[in-house]
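A look at the structure
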Amino acid sequence: MALDVGSLALFVGFLSAVSLPIGSVVGFTLRPRAKITSALMAFGGGALLFALTLEIIAHSFHIVGFWPVASGCIIGGILYEFLNHGLNGLGAFFRKGATVIRRLRNLKMKKAEQILEHLSHVPLLESLPPEEIVKLVPRIEERVFAENTYIFRENEPAWAFYIIDSGTVEITKGDMVIAKGRAGDTFGEMALLTDEPRVATAIARGKSVLFRISKKDFNELLMDTPALKQAVEALLVKRDADLAKQSVVPAKTARKWREQAVSSLESKNFLPTALDINKAAKASGHVSFGIWLGILLDGIPESFVIGIVVAEIKSVPWALIAAVFLANFPEAMSSSVVMISQEYSRMKIILMWSSITIITALGAFLGSIFLGGVSAAAIGIIEGVAAGAMLTMISETMLPEAFEQGGAVVGLSTLAGFLAALLVKSITQ
């Protein structure tokens, strides 16, 4: 009998996951619009929520009560979060457009805060309105200079101001070294306010990463912001006396300025561009492998639950199959569009999804064989672990993915998915 149950679980696991390669083909062939993908993602999320509530949680709750199920859910949620965080470092976040946007937006926000930290210590800028300086942040360029590279030379026109993110910059006048700048230091700031040529030469000693603020961008900001222009004019009047007395900004003043600037950042749009996404993909290395691991992580709880349920009811759980099938389809469709944009071959994408289909089937088989005969309390905990991982996955990846580009249709699509799984349940029970 165990072999029959195992074979049935193998078939059911395969059937629930076969929508992965199907969805991938639809994704890279039709390239559906974002709203369609989002609606399908919400639909699949609703169906999976049905499976969680009625097929898994409710079933275990009636048998073993609250605590075994709840403890399993907590373990599953924490475990999924921990593993997902680790896999995101390998590029798994590329499996969902929403997670790509959220992660890169957060990275851009952190980079902006890092820049503001540097700016807060610039005497020339600390008395300017932080909410106006924040407008410069999206225009700041990151430049990398190789060892012994000239950044600018004495008597050249001054076109930009620099902040050192890493490395060392040597400031020279003639043959004399007059200053050495390290991470956090700034130089060339007077270029933002005057038309005077450079009075010194700047050379990168060792590989150096600099943030560059161009005079052109700063001047455009002055034209668009009367308050900033007035503040700069006031600074020009007293700059000689101020800079002579104060070579550094007091810590308290810098902290207050930085806090105000960071507060202003929260209202800014840090959506990543296509260039940002491509750079992140290259920096992540093997993005396709990361995506594969991420989708595998999403599918493991589902596959084990399928095996357990098949072992318990000794028949096909059609509602559960429908829920997992409907959730897998838009997930693969969305991820395949991302992978095609990163120039992965169609055959490679299909093979990736097909391999996860096979692994899901094997997971269901193992679940039915090794977990089918354990105690009811253990089943409750195990199903709770799977449910907790699935619920965390839905709330962190599927629904944000749907809402990011789907808008108001997401709520109704989620409801439709839930009712579709319920309909399958009512027809097959």
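Here the structure is shown first, and the text comes after it.
Structure report, in brief. (Residues numbered from 1 in each chain as written. Predicted model: local features only at pLDDT ≥ 70, side-chain atom pairs only at ≥ 80, totals over all residues. Heavy atoms only, no water.)

1. Overview of the overall build of the protein chain
Across its full length, the protein chain carries 15 helices and 6 strands. For the protein chain, the residues scored as buried account for 48% of the 429 residues in total. Considering only contacts in the protein chain between residues 6 or more positions apart, those separated by 24 or more positions represent 85%. (Helix = DSSP H or I, 4+ residues; strand = E, 2+ residues; numbered from the N terminus. Buried < 20%, exposed > 50% of the residue type's maximum accessible area, 1.4 Å probe, protein only. Contact = heavy atoms within 4.5 Å.)

2. Describing the nonpolar core
Within the largest apolar cluster, 59 residues are counted, with the highest numbers of intra-cluster contacts made by Leu48 and Trp353. It is helix H11 (residues 287–313) that contributes the most residues to this core, 12 residues altogether. Beyond its immediate chain neighbours, meaning those up to four positions away, Leu48 contacts Glu302, Ala323, Val324, Ala327, Met390, Met393, Ile394 and Met398. Ranked by size, the runner-up nonpolar core spans 18 residues in total, among them Ile115, Val122, Phe161 and Leu222. (Core = buried A, V, L, I, M, F, W, Y, C linked by side-chain atoms within 4.5 Å.)

3. Focus: helix H2 (residues 19–30)
Given a rise of 1.5 Å per residue, 12 residues ought to cover 16 Å, and the 16 Å separating the end C-alpha atoms of H2 matches this to within 8%. Among the residues of H2, those classed as buried are Ser19, Leu20, Pro21, Gly23, Ser24, Gly27 and Phe28. The positive-phi residue at the C-terminal boundary of H2 is Arg31, with phi of around 45 degrees. (Expected span 1.5 Å × (residues − 1).)

4. Brief notes about the pairing of strand E4 (residues 176–181)
When a strand is regular, its side chains alternate between the sheet's two faces. Alignment of strand E3 (residues 160–173) against E4, held across 5 bridges, turns out to be antiparallel. Looking at the pairing, Ile171 lines up with Ala179 of E4. (Pairing = 2+ DSSP bridges.)

5. Considerations on H11
Think of an α-helix as turning once every 3.6 residues; residues three or four places apart then point the same way. The end-to-end C-alpha distance of H11 is 40 Å, a good match for the 39 Å that 27 residues give at a rise of 1.5 Å each. Counting buried residues in H11 gives 22 out of 27 residues, a clear majority hidden from the surface. Looking one or two residues past H11, Lys314 carries a phi angle of roughly 55 degrees, positive in sign.

6. Considering the pattern of salt bridges
Per the counting criterion, the structure on display carries 10 salt bridges. Between Glu142 and Lys111 there is a salt bridge whose closest N-O contact spans 3.6 Å. Taken together, the residues Glu142 in strand E1 (residues 141–145) and Lys111 in helix H5 (residues 97–119) connect sequence positions 31 residues apart. By relative accessible area, which is 46% here, Glu142 ends up partly exposed. Salt bridges linked by common partners bring Arg139, Lys216, Asp217 and Glu220 together as one network. (Salt bridge = Lys/Arg side-chain N within 4 Å of Asp/Glu carboxyl O.)

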